[in-house]
Amino acid sequence: MELQNNKCVMVMDEALPLGILANTAGILGITLGKQVPETVGPDVCDRSGKTHKGIIQIPVPILKANQEKLRAIRAQLYQPEFSGLTVVDFSDVAQGCNVYDEFIEKAAHTEEDEYTYFGIGICGAKKLVNKLTGSLPLLR
């Protein structure tokens, strides 16, 4: 991945409570890191010789949207135009499960249009990411 021509963002449901927002951001970040490992830089050493694990090498703005806009973005991401983007999502279907096997089972029996998305992580070509999210405000 050529970092200068790519962008990663997280789009969060602005109505979520702070704890759920933080949890969603953490889950999306870990999953994006797995899906796009080349964005994570090498470990670094500080002046005292202590090592710090590498972090993502590009900014990841956290944007906000209402549930309707979040769902519309997720729907667009299924279109062929956006197939080259890396997309991860977190929803009520996942959040309501205690173990991963429960999530697998619940997801298999839930239609996509029944999901309530808490957040979406998108990484890829800056032009495409901006087309989807360029007008969204930062979550503050």
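Thresholds applied
- Residues numbered from 1 in each chain as written.
- Predicted model: local features only at pLDDT ≥ 70, side-chain atom pairs only at ≥ 80, totals over all residues.
- Heavy atoms only, no water.
- Phe/Tyr/Trp six-rings, centres within 6.5 Å; stacked < 30°, edge-to-face > 60°.
- Helix = DSSP H or I, 4+ residues; strand = E, 2+ residues; numbered from the N terminus.
- Buried < 20%, exposed > 50% of the residue type's maximum accessible area, 1.4 Å probe, protein only.
- Lys NZ or Arg CZ within 6 Å of the ring centre and 35° of its normal.
- Pairing = 2+ DSSP bridges.
- Axes fitted to C-alpha atoms, helices over the stretch in contact; angles between N-to-C directions.
- Contact = heavy atoms within 4.5 Å.
- Core = buried A, V, L, I, M, F, W, Y, C linked by side-chain atoms within 4.5 Å.

Got a minute to help me understand the packing of aromatic side chains in this structure?
Describing an aromatic ring pair means giving the distance of the ring centres and the angle of the ring planes. Counting across every chain of the model gives 3 aromatic pairs. Ring geometry for Y100 and F103: centres 5.5 Å apart, planes at 75 degrees, overall edge-to-face. Of this pair, Y100 and F103 both sit in helix α4 (residues 100–108), 3 residues apart, which is roughly one turn of the helix. A relative accessible area of 59% means that Y100 is categorised as exposed. When the ring centre of Y78 is taken as reference, the NZ or CZ atom of R74 above it lies at 4.1 Å.

Would you explain the sheet that holds strand β4 (residues 62–65) in this entry?
Two strands in a sheet stick together by hydrogen bonds in their backbones, pointing the same way (parallel) or opposite ways (antiparallel). The sheet built from 4 strands is open, its strands ordered β4-β1-β6-β5 with mixed pairing. Strands at the two margins of the open sheet, each flanked by one partner only, are β4 and β5 (86–91). Between one strand axis and the next, the sheet turns by 20 degrees as a mean value, whatever way the strands run. For β5 and strand β6 (residues 117–125), the ladder comprises 6 bridges, and the chain directions are antiparallel. If you follow D89 over to β6, its bridge partner there is I120. Seen against the sheet, helix α1 (residues 18–35) touches β1 (6–13), β4, β5 and β6 and runs at an angle of roughly 150 degrees to β5. Packing of helix α2 (residues 67–76) onto the sheet brings it into contact with β1, β4, β5 and β6, and relative to β6 it is tilted by some 40 degrees.

Would you explain the pairing of β6 in this entry?
When a strand is regular, its side chains alternate between the sheet's two faces. Across the 9 residues of β6, 8 count as buried, placing the element largely inside the fold. Pairing geometry for β1 and β6, over 7 bridges, is antiparallel. By the bridge assignment, K7 is partnered in β6 with G124.

Even after reading the chapter, I still don't get the nonpolar core, so can you show me in this structure?
Taken as a class, soluble globular proteins show a tendency for nonpolar side chains to be buried jointly. With 17 residues, the main nonpolar core has V11, I73, L77, L85 and I122 as its most contacted residues. Where this core is concerned, the elements lending two or more residues are β1, β4, α2, β6 and α5 (126–133). Looking at this core element by element, the count peaks at 3 residues for β6. Residue contacts for I122: discarding those within four places in its chain leaves K7, C8, V9, L32, I73, L77, L85, T86, V129, L132 and T133. In this structure, M10, M12, A25 and C123 belong to the second largest nonpolar core, which totals 15 residues.

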